[in-house]
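Structure assessment
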Amino acid sequence: MFGTIIRFIVSALVLMLVGWLLPGITVAGFTGALLAAVVIAILGYIAESLFGKSLSPQGRGIVGFISAAVVIYLAQFIVPSFLRVNILGALLSALVVGIIDAFVPTELR
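Now for a quick tour of the structure. The model shown is predicted, which means the values in this text are computed figures rather than measured ones.

Moving on: the environment of Leu13. Along the chain, the position of Leu13 falls in helix α1 (residues 2-21). Residue classification places Leu13 among the partly exposed positions, given a relative accessible area of 47%. Taking the C-alpha atoms as reference points, Leu13 and Phe30, separated by 17 residues in sequence, lie 7.5 Å from one another.

In structure tokens:
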């Protein structure tokens, strides 16, 4: 349970960093980033359970990259007051999240 809470906090901080660094993505505060991280995790879980593990960003393939961008883009429709993303922002944030995951795998967070 504690590991899950830490994972969401780290994901929210990464989302805030991405929103601060990159054009095309805006996150409204830490609470918004935390809520968006939860929604992104749920959407990612749904996508993985529907299409299999090859769809996950940890697969490090182009399909995982595109699916991460789509999940980030779709999250804005669920939490519109906290997250705004355009297509370029979704692609860039999926790239940054993929790079961060390459150095800090999800299992270790």
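This paragraph deals with the packing of helix α3 (residues 62-78) against helix α4 (residues 87-103). Two numbers describe how α3 lies on α4: the axes approach to 8 Å, and their chain directions differ by 125 degrees. Taken as axis vectors, α3 and α4 run oblique relative to one another. As for the relative orientation of α3 and α4, their crossing is right-handed in sense. Counting all contacts with α3, which are made through Phe65, Ala68, Ala69, Ile72 and Tyr73, the residues of α4 involved are Ile87, Ala90, Leu91, Ser93, Ala94 and Leu95.

Okay, α1 next. Counted at 1.5 Å a residue, the expected span for α1 with its 20 residues is 28 Å, and the 29 Å between its end C-alpha atoms agrees. All of the buried residues in α1 are Ala12, Val14, Leu15, Val18 and Gly19. An end-on view of α1 places all buried positions within 165 degrees of arc, on one side of the element. Seen from the buried face of α1, the exposed residues on the opposite side, beyond 90 degrees, are Phe2, Trp20 and Leu21.

A few words on the nonpolar core. Residues Ile25 and Leu83 are the most contacted members of the largest nonpolar core, which totals 23 residues. Of all the secondary-structure elements, those providing two or more residues to this core are α1, β1 (25-27), α2 (29-51), α3, β2 (83-85) and α4. Looking at this core, the element that brings in the most residues is α2, giving six residues. Residues in contact with Ile25, not counting those within four places in the same chain, are Leu15, Val18, Gly19, Leu83, Arg84, Val85, Gly89 and Ser93.

So, how was this worked out
- The written sequence of each chain sets the order in which its residues are numbered from 1.
- Reporting of local features is limited, given that this is a predicted model, to residues whose pLDDT is at least 70; pairs of side-chain atoms are given and counted only at 80 or more, and all residues count toward the totals for whole chains, interfaces and linings.
- The side-chain figures draw on all heavy atoms in the structure; neither hydrogens nor water molecules are used.
- The helix and strand labels rest on DSSP assignments: H or I over at least four residues marks a helix, E over at least two residues marks a strand, and numbering proceeds from the N terminus.
- Here's how the labels work: a residue is buried when its accessible area is under 20% of the maximum for its type, exposed when over 50%, partly exposed in between, all with a 1.4 Å probe on protein chains only.
- Axes here mean lines fitted to C-alpha atoms, for a helix over just the part in contact, with angles spanning 0 to 180 degrees between N-to-C directions.
- Angles below 35 degrees are treated as roughly parallel, those above 145 as roughly antiparallel, those between 65 and 115 as roughly perpendicular, and all remaining angles as oblique.
- In this scheme the crossing of two helices becomes right-handed for a clockwise turn of the near helix relative to the far one and left-handed for an anticlockwise turn of less than a right angle.
- Here, two residues are considered to be in contact whenever any of their heavy atoms come within 4.5 Å of each other.
- Expected span, for any helix, means 1.5 Å times one less than how many residues it has.
- In this description, one arc is meant: the one made by directions from the helix axis to the C-beta atoms.
- What is meant by a nonpolar core is a set of buried Ala, Val, Leu, Ile, Met, Phe, Trp, Tyr and Cys residues, joined one to another through side-chain atoms within 4.5 Å.

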